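So the chains spell out like this:
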Amino acid sequence: MVNDALENQPTTAGIVTTTEDELILQDQQMKRIEDEQKASPLVGEKMPCATLVALYDQETAPAFFEKANELAKVYSHIRFIRGDGNCFIRAIQVGLVEILLNDKERLVKFIASSKEWTERLVKLGFPDWTCTDFCEFFIEFIEKVRDGVHQREDVFRIFNDDNTANYLLMFFRLITSGYLKEHAAEYEPFLDEGMSLAQYCETEIEAMWKESDHLGIIALVRALNIRIRIEYMDRNAAPNGGTHHNLPDGHDNATFTPDITLLYRPGHYDLIYKAPLAETSKPALPTVA
Amino acid sequence: MSDAAARRLMKELNQLKTENPAGLLIDNTITSHDLKQWKIGVVGAEGTLYAGEVFTLQFTFGPQYPFNSPEVIFVGDTIPAHPHIYSNGHICLSILSDDWTPALSVQSVCLSILSMLSSSKEKKHPIDDAIYVRTCNKNPSKTRWWFHDDSV
């Protein structure tokens, strides 16, 4: 962070002098934002999509109101995720574990690939034992899911406990970073000039409470080998011009079946769900007369 | 302190005791009863300006450790005179604020500080020492640092 212009400045260049009052004010603001965040759970209950519609007023926010209604026609449920900078990663983690709770075969494969990731990270030169500590913590958790020690309600209790949830989340941050580092040549050109991929990974991916940008999103999706759809609910269209974006790219929209669907509202991700097929199509079973 | 933080700190402590990295003196009084604050001795490396000198680092861990950085300052009678260390013990080192990641550890912080000492070319405090020490917050993490020179 050498800045030639600053080097020649007089003696106070070393620090930004902030008065005690300003600091107190900043602390109060930070505290208020934190309190607001903590008022909502890390991972909310699954709620009907009507809860989303109810957030918007037809008069004052017509664009959002209309979009919420359109979404409610396609999706039946929403799970709100706390907006603390981890929301994308947390939403993916919750969405994936929900699938694994119902798919033993996929769960077993996922455990194997998580173990492989531990080795891949060590090979990439991640600080050995601190990183493997996060890996082991996650693997232990997911193995308990496999063995039925963690039932569904335990899983959601753990996801809502700040301490354990952050440990689990950190594993996903590390494999995101690992994936980017393994494909450095491919991703480095997307970074702002002067920033190395290693630097980017350390400050934006591996640090907690940093929001995921496009690079972080695609890397996590590829590291986990999952398919996701992001529904955009802002005044702009999705990057591909539609209202949603499928990842990884390059799949035919018509045949793409996402594992996890996220709702994007400016700066934030939540999980959304389609109703199970049986509920939406209401199959006309022959009734016994 | 949360269970998870305590578990991680116990692991770090055991690691430090078994590895016993060169240049670090691990305080035997750190026990599981007081994991919140540790004191670790650092010994200036041979062939550097601080060769053989012993300084004490104080680590204070918040409830969000390791997701937030520990507070690390020099304490005791001798604070090393160094262009990035203020006479009140505060250290200007990016991994202690902006560049902290949970993959770092007490050990990696100590080793960074040792290497910072080793690369010093003159024994003096930062040029703004007098004004900083007078006006700074007690907690160095409240300081918005400008990292003026990465080479030291």
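Residues numbered from 1 in each chain as written. Chains lettered and ligands numbered in written order. Predicted model: local features only at pLDDT ≥ 70, side-chain atom pairs only at ≥ 80, totals over all residues.

## Some thoughts on the overall build of chain A
Counting its regular elements, chain A contains 13 helices and 6 strands. In chain A, which comprises 289 residues, the proportion classed as buried is 33%. Put simply, of all contacts in chain A between residues at least 6 apart along the chain, 71% involve residues at least 24 apart. (Helix = DSSP H or I, 4+ residues; strand = E, 2+ residues; numbered from the N terminus. Buried ≥ 20, exposed ≤ 12 C-beta atoms within 10 Å, placed from the backbone. Contact = placed C-beta atoms within 7 Å.)

## Points about the confidence of the model for chain A
Residue and element names in this part refer to chain A. Per-residue pLDDT for chain A averages 86, and the proportion of residues at 70 or more is 85%. Per-element confidence in chain A ranges from a low mean pLDDT of 38 for helix α1 (residues 4-7) to a high of 98 for helix α5 (residues 87-101). Segment residues 1-14: pLDDT under 50, and 22 contacts once partners within four positions in sequence are set aside and those in other chains are kept. (pLDDT = per-residue confidence, 0-100.)

## Considerations on helix α7 (residues 128-146) of chain A
Here α7 of chain A contains 19 residues, and its C-alpha end-to-end distance of 26 Å stays within 8% of the 27 Å for a straight helix at 1.5 Å per residue. For α7 of chain A, the full list of buried residues reads Thr130, Cys131, Asp133, Phe134, Cys135, Phe138, Phe141, Ile142 and Val145 of chain A. Against the buried residues of α7 of chain A lie α5, α6 (104-123), α8 (152-159) and α9 (162-182) of chain A together with α1 (3-19) of chain B. (Expected span 1.5 Å × (residues − 1).)

## Notes on the nonpolar core
Among the nonpolar cores identified, the biggest contains 99 residues, and Ala91, Phe171, Leu220 and Leu262 of chain A together with Leu57, Ile91 and Ile113 of chain B are the most heavily contacted of them. Looking at which element gives the most residues to this core, the answer is α9 of chain A, with 11 residues. Apart from residues lying up to four places away in sequence, Phe171 of chain A is in contact with Phe134, Cys135 and Phe138 of chain A. (Core = buried A, V, L, I, M, F, W, Y, C linked by C-beta atoms within 7 Å.)

## Topic: unusual backbone geometry
The peptide bond linking Leu247 of chain A to Pro248 of chain A adopts the cis configuration, its omega dihedral lying at -5°. Within the secondary structure, Pro248 of chain A is located in the loop between β4 (244-247) and β5 (260-265). Here Tyr65 of chain B and Pro66 of chain B are connected by a cis peptide whose omega angle stands at 5°. Looking at where Pro66 of chain B falls in the secondary structure, it is placed in the loop between β3 (54-60) and β4 (71-75). A positive phi angle, close to 60°, is found at Trp209 of chain A, a residue other than glycine. Topologically, Trp209 of chain A is positioned in the loop between α11 (197-205) and α12 (214-224). Given 13 C-beta atoms within a 10 Å radius, Trp209 of chain A is considered partly exposed. For Asn225 of chain A, which is not glycine, the phi torsion reads 55° and is therefore positive. With respect to the helices and strands, the residue Asn225 of chain A is situated in the loop between α12 and β3 (228-232). Asn225 of chain A sits in the exposed class, given 11 other C-beta atoms within 10 Å.

## Here we look at the sheet that holds strand β1 (residues 43-48) of chain A
Residues and elements named next belong to chain A. The 6 strands are arranged β1-β2-β6-β5-β3-β4 in an open sheet whose pairing can be described as mixed. If you trace the sheet from one side to the other, it starts and ends with β1 and β4, each paired once. On average, each strand axis in the sheet is tilted by 25° relative to the strand beside it, whichever way the strands run. Pairing of β3 with β5 involves 5 bridges; the strand directions are parallel. Bridge assignment links Ile230 to a residue of β5, and that residue is Leu262. (Pairing = 2+ DSSP bridges. Axes fitted to C-alpha atoms, helices over the stretch in contact; angles between N-to-C directions.)

## Notes on the sheet that holds β3 of chain B
Strand pairing within a sheet occurs via backbone hydrogen bonds; the two strands may be parallel or antiparallel. Residue and element names in this part refer to chain B. In space, the 4 strands of this open sheet follow the order β1-β2-β3-β4, with antiparallel pairing throughout. Only two strands of the sheet have a single partner each, and these edge strands are β1 (24-26) and β4. Strand after strand, the sheet turns through a mean of 30° between neighbouring axes, direction not considered. Bridge count between strand β2 (residues 37-43) and β3: 7 bridges; the pairing is antiparallel. Bridging from a neighbouring strand, Val42 pairs with Phe55 of β3.

## Side note on the environment of Gly267 of chain A
Residue position: Gly267 of chain A is located in the loop between β5 and β6 (268-273). Taking the C-alpha atoms as reference, Gly267 of chain A lies 23 Å from Leu224 of chain A; in sequence the two are 43 residues apart.

## What to know about the environment of Pro126 of chain B
Of note, Pro126 of chain B is situated in the loop between α2 (106-118) and α3 (129-135). Between the C-alpha atom of Pro126 of chain B and that of Cys92 of chain B, which follows or precedes it by 34 residues, the distance is 9.6 Å.

## Digging into the pairing of β6 of chain A
All names here are of chain A. Relative to β6, strand β2 (residues 77-81) runs antiparallel, the two sharing 3 bridges. When the bridges of β6 are listed, Arg79 appears paired with Leu271. Bridge count between β5 and β6: 5 bridges; the pairing is antiparallel. For Arg265, the partnering residue across the bridge sits in β6 and is His268. In textbook terms, the turn of a hairpin is the stretch between consecutive antiparallel strands, and for β5 and β6 this stretch comprises 2 residues, one of which, Gly267, has a positive phi near 80°.

## Re the UniProt feature "site: Interacts with free ubiquitin" (unreviewed entry) in chain A
Residue and element names in this part refer to chain A. Sequence positions flagged by UniProt for "site: Interacts with free ubiquitin" (unreviewed entry) are, in local numbering, Ile218, Tyr232, Asp234, Tyr264 and Tyr269. Leaving out residues up to four positions away in the same chain, Ile218 has contacts with Leu247 and Pro248. Relative to the elements of secondary structure, Tyr232 occurs in strand β3. (UniProt positions renumbered as here; feature names shortened; annotations may be inferred.)

## Focus: the packing of α9 of chain A against α1 of chain B
Contact geometry for α9 of chain A and α1 of chain B: axes closest at 8 Å, N-to-C directions at 55°. Compared by their axis directions, α9 of chain A and α1 of chain B come out oblique. Each of Asn163, Thr164 and Tyr167 of chain A in α9 of chain A lies in contact with α1 of chain B, whose residues at this interface are Asp3, Ala4 and Ala5 of chain B. Among the residues making up the contact of α9 of chain A with α1 of chain B, the classes are represented as 3 nonpolar, 2 polar and 1 charged. (Parallel < 35°, antiparallel > 145°, perpendicular 65-115°, else oblique. Nonpolar A, V, L, I, M, F, W, Y, C, P; charged D, E, K, R; others polar.)

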